[in-house]
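Spelled out, the chains give:
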Amino acid sequence: MSDFEHLIYDAVKEAVQTVYGIDAEGMLVVETPRDPKMGDYSTSIAMRLAKQLRKRPTEIAEPIAEHLRTHFSQAKSVEVANPGFINFRISESSLTEMIGKIIEAGDAYGTNDSGKGKKVLVEWVSANPTGELHCGHARNAAWGDGICRLMEASGYDVLREYYVNDAGNQIVMLGESLISRYFEYFGKEYPLPEDGYHAEDVKKIAFEIAEKDGDKWLEADPKERLAYFMQEGKSRELKKIDEDLKLYGVRIDSWIHETLFYENDRERINTVLKRMDDLGLTYEKDGALWFKSTEYGDDKDRVLKKSDGTLSYMTPDIANHVYKVERGYPKLIDLWGADHHSYVTRMKAALRALGYPEDTLTVDLIQMVRMVEDGKEVKMSKRTGNAITIRELCEDVGVDAARWFFVSKDVATHMDFDMKLARTKTNENPVYYCQYAYSRMHSILEKAEGFETAEDFDQLNDEKELLILKMLSDFPNHVGEAALMRKPNKIADYILSLVKVYHSYYNSCRVINAEDPKLTSQRLALVKATSITLKNALNLIGVSAPESM
RNA sequence: GCGCCCGUAGCUCAGAUGGAUAGAGUAUCAGAUUCCGAAUCUGAGGGUCGCAGGUUCGACUCCUGUCGGGCGCGCCA
């Protein structure tokens, strides 16, 4: 809640207690009315008390409002409206006090302690190191980074993690594909596996290895050669992924490799399997080891160890999730592509079966993205013929537009990414509308020299000035709420609405007026506070705040 | 067949825990600039919230059914 929401909450709670002798905790909600004409804040408490008190909501509301009028000094007005809302308007002086607080807080404005230092491990992207990141990953990456930024700003202790699937068959395929391309470089034949990787970037890596190492691997021991190409391929692919994420503005703190769980004769995995066995969660059938996941709500039991002795994908991943908890993170958030949704049940089942609390793991599914141009889906990059990569996207539409688009739409919805619109550098593109507002603010502030720094703000009484101040004061509240719900798109919405009011204000009120230095200095302070808030908000979704454009 | 997600204005999308007349952007139409950046602003039109029931003071929101679209139902990862 914002400062004002807290104040109102406490005041209303006290009023209800005094007037009716009822503890409103749990039923009291302070919200912002849709229509600002209603007031700055409102509460529906009278309607919620109606049943208990057997009276009409408006009759219940009036005595509460009357009490607040005399006891709640920050409110300019407290009014009752049908069908029983109590509406508040915050006094101008309380609002203008925010300016100083925001300027003082600077980059930290918006941070809040709603996370209470809770430790959270967010695992996302986690694309296999067998190729480049593409558009689907771009949505996942932008959203996950947004969630991390929001939680960090809200006082959570966040670890940003990427799980590298480097132990499965796909890495063998990568190695074999590279060897094939390596042979090709020297004009020799080596079969490219059918389900190998045919993409251009794999070929490029193979050629790089050929240029670095020469032909020494042509006649090398096949086992040694495969191991080398697997390792080399993986690390080069990972390096590219890391670079692309950095280009995209996404920071990863921790890279956990699947092979970690295979170290020391699968020590970590065996420990987990033993725990499951001890708990009676497994059985053998058809030469394979199974997990009784149906006992935990899954459709069917799942194989942990295949009859050939190798492990199924989920087994090291269970160890991975256990390892997260063991490192001191009781709260895990994973972002997966929606095509993995069936996997959610079994992973949760495994953790619950092992005795971890139900809410240990939260999985947010990222629905599919369709890249669209001129109303038609673009499946492939025109340049490469492969899926559009995150790098191409950054070069094509820009990082800011890409991140804005991905983050401004809830990941639960299937999204159309309009390439043409994202590329557009005009008013059609909301990201530039927002950035332009920041540039305008900066432009004004550059002209601020010669004006004193305002100490008080008694002349800021334009309707739009007060609305801006109200929105600014709500910012930390929006951040905390967006973090709690893991919805960065709420910040994009907030930015749009703030910027809209600012543009409107800019057109109706002149900030700099040499004939009225007092008003000018007060308005400059307001613009300063607004620019700080806007910049911080943009930063939360990974979009830059350009001083000129 | 079973499971998960989605269905809101012409288009792209918001609407957490049920609340006031369902909102933005864009597109369309009509206006605004001797002045801080017009990548701007002001206004207008545009909706059976897929459909049908139910729950209640009140449902876009919750429940049931149904239609449409996407995704998944491997000893693949």
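Quick caveat: nothing in here was measured; it's all calculated off a predicted structure.

Thresholds applied
Each chain carries its own residue numbering, running from 1 in the direction its sequence is written. Labels follow written order: the first chain is A, the first ligand is 1, and so on. Only residues with pLDDT of at least 70 get local features here, since the model is predicted, and only at 80 or more are side-chain atom pairs given and counted; chain-wide, interface and lining totals rely on the full set of residues. Heavy atoms from the whole structure form the basis of all side-chain values; hydrogens and water molecules are not counted. In this text, helices come from DSSP runs of H or I with a minimum length of four residues, and strands from runs of E with a minimum of two, each type numbered from the N-terminal end. Residue exposure (1.4 Å probe, protein chains only): buried if accessible area is under 20% of the type maximum, exposed if over 50%, otherwise partly exposed. Whether two residues are in contact is decided by their heavy atoms, any of which lying within 4.5 Å being enough. Here the Shrake-Rupley method, with its probe set to 1.4 Å, supplies the accessible areas, and only the displayed protein chains count as covering residues. Strands qualify as paired when DSSP identifies two bridges or more between them. Domain start and end points were adopted from an automatic or database domain assignment. Here's the idea: put two parts together, see how much 1.4 Å probe accessible area each one loses, and the total over both is what we call buried area. The rule for a salt bridge is simple: a side-chain nitrogen of Lys or Arg has to be within 4 Å of a carboxyl oxygen of Asp or Glu. Here the nonpolar group is Ala, Val, Leu, Ile, Met, Phe, Trp, Tyr, Cys and Pro; Asp, Glu, Lys and Arg are the charged ones; every other residue, Gly included, is treated as polar. Take the number of residues in a helix, subtract one, and multiply by 1.5 Å to get its expected span. Note on bend: the value at a residue is the angle between axes fitted to the seven residues ending there and to the seven starting there. By the criterion applied in these results, polar contacts are pairs of N or O atoms within 3.5 Å in which, for protein atoms, one can donate a hydrogen and the other can accept it, and in which residues neighboring in sequence qualify only through two side-chain atoms.

Draft legend 1. Spotlight on the overall build of chain A. Helix and strand counts for chain A come out as 18 helices and 15 strands. Dimensions of chain A, computed from the C-alpha atoms along their principal axes, are close to 90 × 60 × 40 Å. Out of the 549 residues belonging to chain A, those deemed buried represent 53%. A fraction of 72% describes how many contacts in chain A between residues 6 or more apart in sequence connect residues 24 or more apart. As presented, chain A carries roughly 25700 Å² of accessible surface, and 49% of it is formed by carbon and sulfur atoms.

Draft legend 2. View of the pairing of strand E13 (residues 369-373). Within E13, 4 of the 5 residues are buried, leaving the element largely enclosed by the surrounding structure. Of the strand pairs in this sheet, E13 and strand E15 (residues 415-418) are connected by 4 bridges, and their pairing is parallel. Among the inter-strand pairings, Val372 is bridged to a residue of E15, identified as Asp418. Where E13 and strand E14 (residues 376-377) come together, 2 bridges link them in antiparallel fashion. The residue of E14 that forms the bridge with Val372 is Glu377.

Draft legend 3. Molecular detail of the domain arrangement of chain A. Splitting chain A by domain gives domain 1 (3-90) and domain 2 (96-114 + 426-540). A separation of 29 Å is found between the C-alpha centroids of domain 1 and domain 2. Between domain 1 and domain 2, the contact holds 6 residues from the first and 6 residues from the second. For the pair domain 1 and domain 2, the two sides together bury roughly 490 Å², of which 45% comes from carbon and sulfur. Of all residues in domain 1, Asp3, Phe4 and Tyr41 give up the largest surface area on contact with domain 2, accounting jointly for 55% of the area buried on that side. At the surface where domain 1 touches domain 2, the tally comes to 0 salt bridges. Ranked by residues supplied to the side of domain 1 that touches domain 2, first place goes to helix H1 (residues 3-20) with 3 residues. Taken together, the residues of the side of domain 1 that touches domain 2 break down into 2 nonpolar, 1 polar and 3 charged.

Draft legend 4. Highlighting helix H16 (residues 463-485). With 23 residues, H16 should reach 33 Å at 1.5 Å per residue; the first-to-last C-alpha distance of 31 Å fits that figure. In H16, a bend of some 40 degrees at Phe475 exceeds every other bend along the element, and Pro476, a proline, comes one to four places later. For H16, the side-chain oxygen to backbone nitrogen distance between the N-cap and Lys464 is 2.8 Å, and the N-cap itself is Asp462. A positive backbone phi angle near 55 degrees is found at Arg486, which sits one or two residues after H16.

Draft legend 5. Highlighting the sheet that holds strand E3 (residues 75-81). The strand order across the open sheet formed by 4 strands is E1-E2-E4-E3, and the pairing between neighbours is antiparallel. The outermost strands of the open sheet, each flanked by one partner alone, are strand E1 (30-31) and E3.

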